[in-house]
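Now for the letters of each chain:
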Amino acid sequence: MSSTASRVALVKTENRKDGVKASLRALKMNPVKGKNVLIKPNFNTADVTPGSTHNDTLVALVEEMWERGAKSISLGERSFPPTREVMEKKGILPILDKLNVKIIDFDGLDQKDWVLFKPKMSSWPNGFRIARPILDTECLISTCCLKTHQFGGIFTLSLKLHVGVVPTVRHGYEYMKELHGSPHQRRMIAEINEPFKPALIVLDGIDAFVDGGPMTGKHARGEVFLASTDRVAMDAVGVAILKFLGSNESIMKPKIFEQEQIARAVEMGLGASSPSEIDLIPADEKSQDYRDRILEILKKG
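Residues numbered from 1 in each chain as written. Predicted model: local features only at pLDDT ≥ 70, side-chain atom pairs only at ≥ 80, totals over all residues. Heavy atoms only, no water.

When its secondary structure is counted, the protein shows 12 helices and 14 strands. Taking 301 residues into account, the globule formula puts the C-alpha radius of gyration at 19 Å, and the protein, at 18 Å, falls close to it. Its C-alpha atoms give the protein principal-axis dimensions of about 50 × 45 × 35 Å. Evaluated residue by residue, the protein yields a buried proportion of 58% over its 301 residues. Here the contacts in the protein between residues at least 6 apart in sequence split such that 75% fall between residues at least 24 apart. Accessible surface for the protein amounts to roughly 12,400 Å². Of this, 49% is attributable to carbon and sulfur atoms. (Helix = DSSP H or I, 4+ residues; strand = E, 2+ residues; numbered from the N terminus. Rg over C-alpha atoms; globule rule 2.2 N^0.38 Å. Buried < 20%, exposed > 50% of the residue type's maximum accessible area, 1.4 Å probe, protein only. Contact = heavy atoms within 4.5 Å. Areas by Shrake-Rupley, 256 points an atom, 1.4 Å probe, with all protein chains shown as cover.)

Bringing the pattern of salt bridges into the picture now. One pass over the full model with this rule turns up 20 salt bridges. For Glu77, the salt bridge is made with Lys40, and the minimal N-O distance between the two is 2.9 Å. Placement of the pair is Glu77 in strand β3 (residues 72-77) and Lys40 in strand β2 (residues 36-40), with a sequence separation of 37 residues. Across the pair, Lys40 and Glu77 agree in class, each one buried. One salt bridge connects Asp113 with Arg132, and the closest N-O pair in it is separated by 2.8 Å. Separated by 19 residues along the polypeptide, Asp113 in the loop between β4 (101-105) and β5 (114-117) and Arg132 in helix α5 (residues 132-136) bring together distant segments of the chain. Put simply, Lys12, Glu14, Arg16, Asp204, Asp207, Arg221 and Glu223 are held in one network by salt bridges that share partners. (Salt bridge = Lys/Arg side-chain N within 4 Å of Asp/Glu carboxyl O.)

A few words on helix α11 (residues 260-267). Of the positions making up α11, those classed as buried are Gln261, Ile262, Arg264 and Ala265. For α11, the buried positions fall inside an angular range of 165° around the axis, keeping them on one side. On the buried face of α11, the contacting elements are β8 (154-155), α6 (158-161), α8 (185-192) and α9 (231-245). Once α11 ends, the next one or two residues include Gly269, with phi positive near 75°. (Arc of directions from axis to C-beta.)

Once that is clear, we can look at the environment of His180. Tracing the backbone shows His180 in helix α7 (residues 175-181). Spatially, the C-alpha atoms of His180 and Ile130 are 17 Å apart, while their sequence positions differ by 50 residues.

In this structure, Ser247 sits in the loop between α9 and α10 (249-252). Within the structure, Ser247 has its side chain in polar contact with the backbone oxygen of Val210 (distance 2.6 Å). The residues touching Ser247, leaving out its near neighbours within four places in the chain, are Thr148, Val210, Leu242 and Met252. (Polar contact = N/O pair within 3.5 Å; in protein donor to acceptor, adjacent residues only side chain to side chain.)

We now examine the environment of Lys197. Counting through the fold element by element, Lys197 comes out in the loop between α8 and β11 (200-212). Residues contacting Lys197, with those up to four places away along its chain left out, are Thr229 and Arg231. A polar contact is formed between the side chain of Lys197 and the backbone oxygen of Thr229, at a distance of 3.3 Å.

The biggest cluster of nonpolar side chains holds 62 residues, and the ones touching the most others in it are Ile134, Leu226, Val237, Ile256 and Ile278. Top contributing element to this core by residue count: α9, with 9 residues. Counting 34 residues, the second largest nonpolar core, distinct from the first, contains Val32, Ile92, Val101 and Ile141. (Core = buried A, V, L, I, M, F, W, Y, C linked by side-chain atoms within 4.5 Å.)

In this section: the environment of Arg291. Along the chain, Arg291 turns up in helix α12 (residues 288-298). For Arg291, a relative accessible area of 17% puts it in the buried group. Measuring from C-alpha to C-alpha, the distance between Arg291 and Lys12 comes to 8.3 Å, with 279 residues separating the pair along the chain. The contact partners of Arg291, leaving out residues within four places of it in the chain, are Leu10, Leu280 and Pro282. Among the polar contacts listed, one links the side chain of Arg291 to the backbone oxygen of Leu280, at a separation of 2.7 Å.

It is at 9 Å that the axes of α9 and α12 come closest, and there the two elements cross at 100°. The orientation of α9 with respect to α12, classified from their angle, is roughly perpendicular. Together, Ala236, Val237, Ala240, Ile241, Lys243 and Phe244 of α9 and Tyr290, Arg293, Ile294, Ile297 and Leu298 of α12 make up the contact between the two elements. The residue inventory of the contact of α9 with α12, partitioned by class, reads 9 nonpolar, no polar and 2 charged. (Axes fitted to C-alpha atoms, helices over the stretch in contact; angles between N-to-C directions. Parallel < 35°, antiparallel > 145°, perpendicular 65-115°, else oblique. Nonpolar A, V, L, I, M, F, W, Y, C, P; charged D, E, K, R; others polar.)

This part is about unusual backbone geometry. Keep in mind that most residues, glycine aside, have a negative phi and that most peptide bonds are trans. In this structure, Pro50 follows Thr49 across a cis peptide bond, with omega equal to 10°. In this structure, the amide linkage connecting Phe80 to the following residue, Pro81, adopts the cis form with an omega of 10°. Note that Pro81 resides in the loop between β3 and α3 (83-90). We note that Asn100 has phi near 60°; this positive angle belongs to a residue other than glycine. Assessed through its relative accessible area of 56%, Asn100 is described here as exposed. A positive phi angle, near 50°, is found at Glu223, a position not held by glycine. Among the secondary structure elements, Glu223 is positioned in the loop between β12 (217-221) and β13 (224-228).

Encoded structure:
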């Protein structure tokens, strides 16, 4: 394995607190010490996990960040229906308040705080906007779920998570309508990720959707946590786990690196370009067998 390989830590667990701690410990890095941290969760809706980030996962992640010396912690999100409504329904606001986490509701950002990007060769004909807090933070931590996506995305892991940093409607333009109506949706998802880079990604795969999604779907027990700094590697391993669990045809038939989200992200240089560039690390002895099975699927490309 190359010394430059993208590391993905894997924990076989049924406990979210243990999953957070063990996956981060296995990565052997601390990106948050002395930093102002912004967490981007999956609060697309308030549906039960994996429809949205589990409150226990978020609490464990915040507590771990404080223990590791974060200077400040904020949480930023854009949901649909309205973000505040989703957070209230999840019951997360008083929990975050007790943990001294500042809420940044992207719905309330000024027009000037949605920064326009118009990359060359983009599948977004008029470009797209990114919430300024995502661009300005010293340390972005993204936490995603393990699930399929029935509305054209195929899967929603770490790349698709970041659709929530683009507005629903801004400056009179309907960004989400354009995205979901485009035949290039999966390429567009990948392209959203180009202007910024998370310092850490954590995936809660204790529960998964292997069909349907992203709000509700066919449930399976993944009993796994992943952590990485590479969105492409994270999604490749996530798709391998969905294959392992037995998913729909859109997951099972294509090779992992031929999935459009992943292929476009590789084209843009956002992460690992093949299975050989991913170092899948078991967090402990009890995770070794699970890791070996996922690695076997991953190696097929």
